[in-house]
Structure formats: structure tokens, C-alpha cells
Amino acid sequence: MISFNNDYSEGCNPKILEALTKTNLESTVGYGEDEYTNKAINRIKELVNDQNVFVHLMVGGTITNLTVISGLRPYEAVISCDTGHINVHETGAIEATGHKVIAVKNELAKLTPELISEVMFNHTDYHMVKPKMVYISNSTEYGTIYTKAELIKLREVCDQYGLYLYMDGARIASALTSKGNDLDLATINKLCDAFYLGGTKNGLLFGEALVIRNEEMQPDFKFLVKQHGGLLAKGRLLGVQFYEALKDDLFFEMGKHANEMANLIRDNLKSLGIKEYMPSVTNQIFIEVSNALALAIHNEVICDDFISFKDTRVIRFVTSFATKLEDVLELNKIMHKFFRK
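These lines cover the structure that appears in this document, whether it is placed above or below. Note that the coordinates shown come from a computational prediction; the quantities given were computed from them, not determined experimentally. (Residues numbered from 1 in each chain as written. Predicted model: local features only at pLDDT ≥ 70, side-chain atom pairs only at ≥ 80, totals over all residues. Heavy atoms only, no water.)

1. Side note on the overall build of the protein
Of regular secondary structure, the protein possesses 14 helices and 12 strands. Relative to a compact globule of 341 residues, whose C-alpha radius of gyration would be 20 Å, the protein shows 20 Å and is just as compact. Seen through its C-alpha atoms, the protein measures out along the principal axes to roughly 60 × 55 × 35 Å. Long-range pairs, those at least 24 residues apart, make up 73% of the contacts in the protein with a sequence separation of at least 6. With the model as given, the accessible surface of the protein reaches about 15700 Å², and the carbon-plus-sulfur share is 51%. Of the side chains in the protein, 36 bear a positive and 44 a negative charge, and the two mean positions are spaced by 2 Å. (Helix = DSSP H or I, 4+ residues; strand = E, 2+ residues; numbered from the N terminus. Rg over C-alpha atoms; globule rule 2.2 N^0.38 Å. Contact = heavy atoms within 4.5 Å. Areas by Shrake-Rupley, 256 points an atom, 1.4 Å probe, with all protein chains shown as cover. Lys, Arg positive; Asp, Glu negative; His and termini not counted. Charge placed at Lys NZ, Arg CZ, Asp CG, Glu CD.)

What follows is the structure, encoded as C-alpha cells:
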């Protein structure tokens with residue numbers, strides 16, 4: 001059965017696996033102090049055009065998010081879309097660190113200056129938590145992306161209220177290689193206090209590369225990493241992977257491939273008159289179908305029920321660095337069978 005369930009079910013890009021195998025028996029310093037990690041960090045500093053950033057390679061997205069947010073003071077909170085990963089799919093990890101997630105209803109799974117200002121207007125004194133960080137995802141949990149103009153406006157409102165701006169980049173490669181994108185890593189670094197480059201969902205076995213530009217957030221960060229169980233003894237496994245992915249254009253080539261495969265599915269759905277639930281431009285596609293039709297599709301395709309309503313469901317198809325053209329064509333045939341007029 002063909003699978004479009006997520007973008008991390010496969011192992012890793014063969015070039016990354018080859019690099020891991022080639023260095024497998026080398027003995028290196030642990031905990032991210034090895035030469036491969038240093039090379040990866042230096043490469044990231046080149047890509048963001050900033051030698052003063054703090055870079056730490058983390059093992060996964062949830063541990064990255066909770067570690068960054070755990071650096072807030074005990075009474076400080078983080079503003080997120082109600083669809084945000086930290087609010088929906090991280091098992092209360094943020095709340096477990098003692099920090100409230102202020103979830104905001106939104107459109108297109110994106111925050112706006114107006115939404116943030118409304119939160120600030122309603123949090124006025126010490127009887128409430130104090131908003132201190134804004135959490136966004138790019139691409140978002142529904143495959144939409146932020147533009148440069150939108151990110152500039154978010155930076156401005158964060159400066160107005162003294163808020164940190166933190167970007168979850170689990171699918172940043174897909175975002176930066178998508179149609180309509182006008183951002184790059186250097187611009188993101190200038191506008192965000194911290195962000196990360198997602199590897200788990202873009203062709204690495206595991207790993208996220210956290211970049212912290214704001215000097216206020218840098219001191220003692222490794223203490224937070226260790227305390228939350230995120231410091232990998234065999235840190236070179238992260239370093240080897242990220243250096244191999246970033247030394248040339250492999251990281252972005254993988255994101256581009258996932259988008260191209262998704263666009264083939266998207267074009268086919270459009271030809272069948274099927275409107276997407278959310279106007280995604282990246283590697284996630286959402287459609288709303290009846291419960292009966294969803295079950296029929298599940299009998300032939302491994303995919304996710306993202307939202308369940310009384311009579312309908314929103315199902316999600318996700319492409320990855322490893323998605324095969326023949327699987328996309330097979331999915332398109334299946335959709336034709338169910339939707340052709």
C-alpha cells in the first residue's frame with residue numbers, strides 16, 4: 001500500500017547514510033564538541049550570514065521547542081496559534097515546563113500583529129501570566145507559509161511589546177523552496193530571536209539545528225538542554241548529518257523534491273474540482289471528505305485523519321524527500337476513481 005502519512009517515515013537520504021557509515025568507526029569527542037558538529041555549526045553561520053549566533057544541534061522538534069521555551073521566567077507565557085504544534089501535538093510538554101501556551105484562533109494557521117496585540121491588551125497585570133514569546137511555524141501545521149512582509153510586521157509588534165519571536169522550522173526546507181516564498185535563512189535570522197532548521201522531516205535520520213540570535217537567550221542554554229534530556233552523548237551523529245545536508249544544497253534539494261511531488265498531487269486534485277481545506281503551498285495537502293469516503297481512501301492509501309467532524313474528516317497527504325513519482329501517480333489514479341465525474 002502506498003504511504004503519504006508523513007515526511008519522516010523513511011530513514012534518511014542515501015548521501016547522509018553514506019556519510020554516517022563512512023565515519024562510523026571514528027572515535028570523536030562527545031556531546032557535540034566533535035569536529036563534524038563544529039563544521040556543521042560553521043556552515044550554518046555562513047548560511048544565516050551571522051558569526052555571532054549560538055547554534056546547537058538538537059535531537060528532535062519537541063525537545064527543541066520545550067527547551068527554548070523553558071528559558072522563560074516561571075510566570076512568562078508563549079503566544080501560539082491554536083493550531084500550533086506546541087499547543088496540539090506535544091502532549092503538554094510546554095505546560096510541563098511550567099509555562100502556559102496562550103492559544104489564539106486564527107486564519108491560515110498564522111499569527112498576525114492584530115492577534116498578538118489583542119493578547120497583550122487582555123493580559124494587563126500580575127494576576128495573569130505575562131506573555132513573553134511568540135511561537136510561529138514555517139511552514140505552518142497546515143502547509144501555509146509566512147512572507148517577508150508578514151515576518152517584518154511580526155518583528156515590529158514583538159519589539160513594541162518586548163516579546164521574543166521564535167520560529168519552529170520543522171519544515172523550513174519545504175517553506176523556503178515553495179511557490180511564493182520570498183524568505184531566506186539570513187532574513188529569518190535577522191527577524192527572529194531564535195529558529196531552527198528541521199532535519200527529522202527533511203531527509204535526516206533525526207535532528208534539528210537550533211539558531212539563537214538574541215544574546216539574552218544564549219547564556220547557559222546548554223544547561224537547559226542537559227536538564228531536559230536533550231544533550232546527545234553521540235553528538236557527532238547530528239554533526240555528520242547536518243554537515244552533509246548543508247555543505248552543498250542537499251537540504252534544500254530535498255525540500256524542493258517534496259514540494260514538487262505535492263504539487264503533482266495538488267494539480268490532480270484541482271483538475272478533479274477538489275478544493276483544498278487549507279491553501280497549502282508546501283508538502284502537506286488537506287482535503288475534506290465524508291466519513292465513508294475517508295474510510296474508502298484509507299483502504300488504499302496510508303494517510304492521516306487530521307481533523308474529524310460529525311459527518312466529514314479532513315485527511316492529509318504528506319510528501320517527503322523519498323516520495324517516488326510512481327507512488328504519486330498511483331495516488332492520482334486512486335483519486336480519479338473516487339472523484340471523477
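2. Describing the environment of T323
With respect to the helices and strands, T323 occurs in the loop between β12 (312-318) and α14 (325-339). A sequence separation of 150 residues divides T323 from A173, and the C-alpha atoms of the two residues are 15 Å apart. T323 has contacts with F4, H257, M261 and V328, leaving out every residue within four places of it along the chain. Side-chain polar atoms of T323 contact the backbone nitrogen of S320, separated by 2.7 Å. (Polar contact = N/O pair within 3.5 Å; in protein donor to acceptor, adjacent residues only side chain to side chain.)

3. Comments concerning the sheet that holds β12
Strand pairing within a sheet occurs via backbone hydrogen bonds; the two strands may be parallel or antiparallel. Pairing is antiparallel in the open sheet, where three strands are placed in the order β9-β12-β11. In the strand order of this sheet, the two ends are held by β9 (284-290) and β11 (304-308), each with one partner. Strand after strand, the sheet turns through a mean of 30 degrees between neighbouring axes, direction not considered. Relative to β12, β9 runs antiparallel, the two sharing seven bridges. Pairing of S290 across the sheet is with T312, part of β12. Across the sheet, helix α13 (residues 291-298) lies against β9, β11 and β12, angled at about 30 degrees from β12, the strand it touches most. (Pairing = 2+ DSSP bridges. Axes fitted to C-alpha atoms, helices over the stretch in contact; angles between N-to-C directions.)

4. Let's talk about the pairing of β12
Taken across its seven residues, β12 has six buried, putting it largely inside the fold. Relative to β12, β11 runs antiparallel, the two sharing four bridges. Bridging across to β12, D304 finds its partner in R316. Linking β11 back to β12 in an antiparallel pair, the connection comprises three residues. (Buried < 20%, exposed > 50% of the residue type's maximum accessible area, 1.4 Å probe, protein only.)

5. What to know about the packing of aromatic side chains
Scanning all chains against the criterion turns up seven aromatic pairs. On the numbers, 6.4 Å between centres and 40 degrees between planes, the contact of Y142 with Y277 is tilted. Pair noted here: Y142 is in the loop between β5 (130-137) and α7 (148-161) and Y277 is in the loop between α12 (250-271) and β9, with a separation of 135 residues, a long-range link. Residue classification places Y142 among the buried residues on the basis of a relative accessible area of 8%. Y277 sits in the partly exposed class, given a relative accessible area of 31%. Through pairs of rings, three or more aromatic residues link up here, namely Y142, Y277, F286 and F306. The side chain of K132 reaches across the aromatic face of Y164, ending 5.1 Å from its centre. Over the aromatic face of F338 sits the side chain of K337, whose NZ or CZ is 5.3 Å from the ring centroid. (Phe/Tyr/Trp six-rings, centres within 6.5 Å; stacked < 30°, edge-to-face > 60°. Lys NZ or Arg CZ within 6 Å of the ring centre and 35° of its normal.)

6. So, the nonpolar core
Ranked by size, the top nonpolar core spans 55 residues in total, and within it I79 and L151 carry the most contacts. Dropping the residues within four chain positions of it, L151 is found in contact with I136, L165, M167, L183, I188, L191 and C192. Listed in part, the 24 residues of the second largest apolar core include V101, Y164, Y166 and M217. (Core = buried A, V, L, I, M, F, W, Y, C linked by side-chain atoms within 4.5 Å.)

7. Some thoughts on the packing of helix α2 (residues 35-48) against helix α11 (residues 236-246)
Direction vectors running N to C along α2 and α11 enclose 40 degrees, while the axes themselves pass 7 Å from each other. Regarding the angle of α2 to α11, the classification is oblique. In the packing of α2 onto α11, the handedness of the crossing is left-handed. Touching Y36, T37, K39, A40, R43, I44 and L47 of α2 are R236, G239, V240, F242, Y243 and L246, all from α11. Grouping the constituent residues of the contact of α2 with α11 by class yields eight nonpolar, two polar and three charged. (Parallel < 35°, antiparallel > 145°, perpendicular 65-115°, else oblique. Left-handed = near helix turned anticlockwise from the far one by under 90°. Nonpolar A, V, L, I, M, F, W, Y, C, P; charged D, E, K, R; others polar.)

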